[in-house]
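# Fold and contact review
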Amino acid sequence: MKRAIFIHGYYDKEKYYDPETDLINFKNYTPWLLKQLTTKDYLVYAPLMPKPFFPTYEKWKRELERYDLDEDMVLIGKSFGGGFLLRWLSETDKKVGKVFLVAPYINQEQDNVSDDLKMPFFNDFKLDRDLAKKTNGLTIFQSTDDGENIKKSREFIKKNVDNFREIMLKNRGHFTISTAGEINRTFPELLEEILK
């Protein structure tokens, strides 16, 4: 059976504990994408990762590895979740299916980030330049008008990772409704790439 797992990004602590706010793993385009994949006979997962307001790599890794990760599993990571998958792929010996990163955030230069993103998550590891070889294809989606932290992450990834495909979209912000409006309630470009 075809399977896909969606790894969400960083989430503000106040929103995380607010009972009136949607869970981070079911915001923006995610419900639409998971429903579309379900109608194509994918078994989909969207785990709520531990403490997304101050993530710990070992805890996120343990959560991801609860799943049967093999060449039939599609991995999708959004923002911080994309950076997490880059680290995980750098350190694992497993081979997985296609990997899609949406505006991945990764930064090992802590002086370049805002205070809320200064955390040890991306310290003490080195990106594997050949990590794409552990996948059936690595595709990264970016937006022309994303924030500075993501633009810096993009340059860092381009300097340190080989053999990935980049798809640049116009005016999608950080691929959230709050940064670019209702256009980010769906994501047909990502769906099309997953289904290829």
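The residue count restarts for each chain, going from 1 along the sequence in the order it is written. Local features in a predicted model are, by the rule used here, given only for residues with pLDDT of at least 70; side-chain atom pairs are given and counted only at 80 or more, and totals for whole chains, interfaces and linings are based on all residues. Side-chain metrics in this entry use all non-hydrogen atoms of the structure; hydrogen atoms and water are not considered.

## Remarks on the pattern of salt bridges
Where side chains of opposite charge bring their charged atoms close, a pairing between them can arise. Applicable threshold: Think of a salt bridge as a Lys or Arg side-chain nitrogen and an Asp or Glu carboxyl oxygen that are within 4 Å of each other. Only protein chains enter the accessibility calculation, which uses a 1.4 Å probe; a residue whose area is less than 20% of its type maximum is buried, one above 50% is exposed, and one in between is partly exposed.
Per the stated rule, a full pass over the model turns up 13 salt bridges. A salt bridge links arginine 66 to glutamate 63; the shortest N-O distance between them is 2.9 Å. Residue class for glutamate 63 comes out buried when judged on its relative accessible area of 16%. Here glutamate 155 makes a salt bridge to arginine 154, at a shortest N to O gap of 3.6 Å. Residue classification places glutamate 155 among the partly exposed residues on the basis of a relative accessible area of 36%. Linked by salt bridges that have partners in common, Arg154, Glu155 and Glu166 make up one network.

## Things to note about the nonpolar core
As a reminder of what qualifies: The criterion is simple. A nonpolar core is a set of buried Ala, Val, Leu, Ile, Met, Phe, Trp, Tyr and Cys residues joined through side-chain atoms within 4.5 Å. Under the DSSP-based scheme used, a helix requires at least four consecutive residues in state H or I and a strand at least two consecutive residues in state E, with every element numbered from the N terminus. Residues count as neighbours in contact if any of their non-hydrogen atoms are within 4.5 Å of one another.
Core analysis: the biggest nonpolar cluster contains 54 residues, and Leu75, Ile76, Phe84, Trp88, Leu190 and Ile194 have the highest contact counts within it. For this core, the element with the most residues is helix H4 (residues 80-91), which contributes six residues. Those residues within four positions of leucine 190 in sequence are excluded, and the remaining contacts are Tyr29, Leu33, Ile76, Phe100, Val102 and Phe141.

## Digging into helix H2 (residues 30-39)
Just so we agree on the cut-off: The directions from the helix axis to the C-beta atoms are what the arc is built from.
Looking only at H2, the buried set comprises Thr30, Leu33, Leu34 and Leu37. Along the axis of H2, the buried residues cluster in a sector spanning 95 degrees; they form a single face. Those residues of H2 hidden inside the fold are in contact with strand S1 (2-7), strand S2 (42-45), strand S3 (73-78) and helix H7 (188-195). Positive backbone phi, approximately 70 degrees, marks aspartate 41, located one or two places after H2.

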